[in-house]
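# Structural overview
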Amino acid sequence: MPISRSVAVIAAVLNAAPALANDTMAELKTGGLTFIESPDVSMESEALFISAKEVRVDYVFENSADKDVETLVAFPMPDLPGHVESDIAIADSGKDNFLDFTVTQDGKPISPTLQQRAIAASIDVTDDLKAQNIPPLPYAEGTAAALEKLPDAVKQDWLSRGLLYDDVYDNDGSGMKHHMTPLWTLRSTYWWKTVFPARAKVTVSHRYTPSVGGTVAISFLEDGQAKGDRFVEYSSRYCMDGGFVKTAQKLAKAETNGGANYTESWISYILKTGANWNGPIKSFKLTLDKGNAKNLISFCGTGVKKTGPTTFEMTATDFWPERDLDILILNAPEE
């Protein structure tokens, strides 16, 4: 039975969910490595560290066969969907490697290949973008500038096929103008070929900056009470226990009396990719760092232990990931 861990904090905020709609950033789900399945390669251990600033994953794989296994390993980047009103939480929307992904094997850096595909209305339109020299990143400044230069016939064609939306607004004080907004979704994957030597263990490590979404206030209470659709959703997604909820209510009440403002952060990790390897993860360790000792954290896990002022740890043997990991952090205001 999943349980949540909560840490008491002081001071806070409350706002109903609808009022926060324009002050919300959506997190992108990220995860670990995937590869072409092999009956000979197993995951001996996985050490996963997650904070709002960094995700670190350290694996040990073992090839039990008498021959080398050559395979393809991939890291799927989260989809970047184009939208008229984007609220995607990424640090640099104009960079191909927008998560700053890096990977090593046995301590040596790997230079993976990046595959990018643009999808609109379930159709691959990558070649259409390339033909017009349009960058595939939907939110990059270069993409917006290139779209403005498209021939009118191409604009009309792309509008009719769902690649673009004709948005009208004044962006520089010179009056209302038409602006082409991307509606395609960018799907990116880093991949590389590797060899798992016969009867040997291999260490693989990768690092990246997570997409951290959230709101400018605590959003899962209604008039300070634990009720409503959003509260039900949060309870299921983050396994909020009674102590966590009561503390959030105290924070909300304190805020209405002039207390400080707490905010939400959301981090999502696709944990189930670990099931792609042969057999269970023989030794699994999860470490979460909430960042500030005054922050409040809730997530679903079993046997969770507090290991430091900001860190929590969960370990398991013969681990089969059955659900993805969603983390809720209530951030204390900066002093």
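The sections below set out a description of the structure shown in this document. (Residues numbered from 1 in each chain as written. Predicted model: local features only at pLDDT ≥ 70, side-chain atom pairs only at ≥ 80, totals over all residues. Heavy atoms only, no water.)

### What to know about the nonpolar core
For soluble globular proteins, the rule of thumb is that nonpolar side chains tend to be buried together. In terms of nonpolar packing, the biggest core is built from 47 residues, with L48, I50, Y269 and I327 touching the most fellow members. With sequence-adjacent residues up to four places away left out, I50 is seen in contact with V55, I267, Y269, L286, T287, L288, D289, L325 and I327. One finds F220, A248, L251 and W266 within the second-largest nonpolar core, a separate group that totals 18 residues. (Core = buried A, V, L, I, M, F, W, Y, C linked by side-chain atoms within 4.5 Å. Buried < 20%, exposed > 50% of the residue type's maximum accessible area, 1.4 Å probe, protein only. Contact = heavy atoms within 4.5 Å.)

### Here we look at the environment of D79
When you line up the elements, D79 lands in the loop between β6 (69–76) and β7 (80–81). What makes D79 partly exposed here is its relative accessible area of 34%. With 106 residues separating them in the primary sequence, D79 and T185 have C-alpha atoms 6.5 Å apart. If sequence neighbours within four positions are ignored, D79 has contacts with L28, T185, L186 and R187. There is a polar contact of 3.4 Å between the side chain of D79 and the side chain of R187. (Helix = DSSP H or I, 4+ residues; strand = E, 2+ residues; numbered from the N terminus. Polar contact = N/O pair within 3.5 Å; in protein donor to acceptor, adjacent residues only side chain to side chain.)

### Observations concerning the side chain of S219
As for its placement among the helices and strands, S219 is situated in the loop between β16 (213–215) and α4 (229–238). Judged by relative accessible area, which is 1%, S219 ranks as buried.

### Here's the deal with the pattern of salt bridges
On inspection of all chains with the given rule, the structure shows 11 salt bridges. A salt bridge links E54 to R56; the nearest nitrogen and oxygen atoms lie 3.1 Å apart. Relative accessible area serves as the criterion here: at 28%, E54 is assigned to the partly exposed category. Among the residues examined, R56 registers a relative accessible area of 29% and is labelled partly exposed. Its salt-bridge partner being D128, residue R161 comes within 3.1 Å of it at the nearest N-O pair. Taken together, the positions of R161 in the loop between α3 (152–160) and β12 (164–169) and D128 in helix α1 (residues 126–131) put the pair 33 residues apart, joining distant regions of the chain. Look at R161 and you get partly exposed, because its relative accessible area is 32%. Each of the salt bridges in this network shares a partner with another, and the network as a whole consists of D128, D157 and R161. (Salt bridge = Lys/Arg side-chain N within 4 Å of Asp/Glu carboxyl O.)

### What about the packing of aromatic side chains?
Enumeration according to the criterion identifies 10 aromatic pairs in this entry. Considering the side-chain rings of F75 and Y208, the 5.2 Å spacing of their centres and the 45° angle between planes classify their relative orientation as tilted. Of this pair, F75 sits in strand β6 while Y208 sits in strand β15 (residues 200–208), and the two are 133 residues apart along the sequence. By the burial criterion, F75 is buried, and Y208 matches it. Residues Y234 and Y238 carry aromatic rings whose centres are separated by 5.2 Å and whose planes lie at 70° to one another, so their mutual orientation is edge-to-face. With Y234 and Y238 both in helix α4 and 4 residues apart, this pair spans about one turn of that helix. Feature note: the residues F75, F101, Y190, W192 and Y208 constitute an aromatic cluster, connected by ring pairs. A cation over a ring is seen here: R56 above F49, with NZ or CZ 3.9 Å from the ring centre. (Phe/Tyr/Trp six-rings, centres within 6.5 Å; stacked < 30°, edge-to-face > 60°. Lys NZ or Arg CZ within 6 Å of the ring centre and 35° of its normal.)

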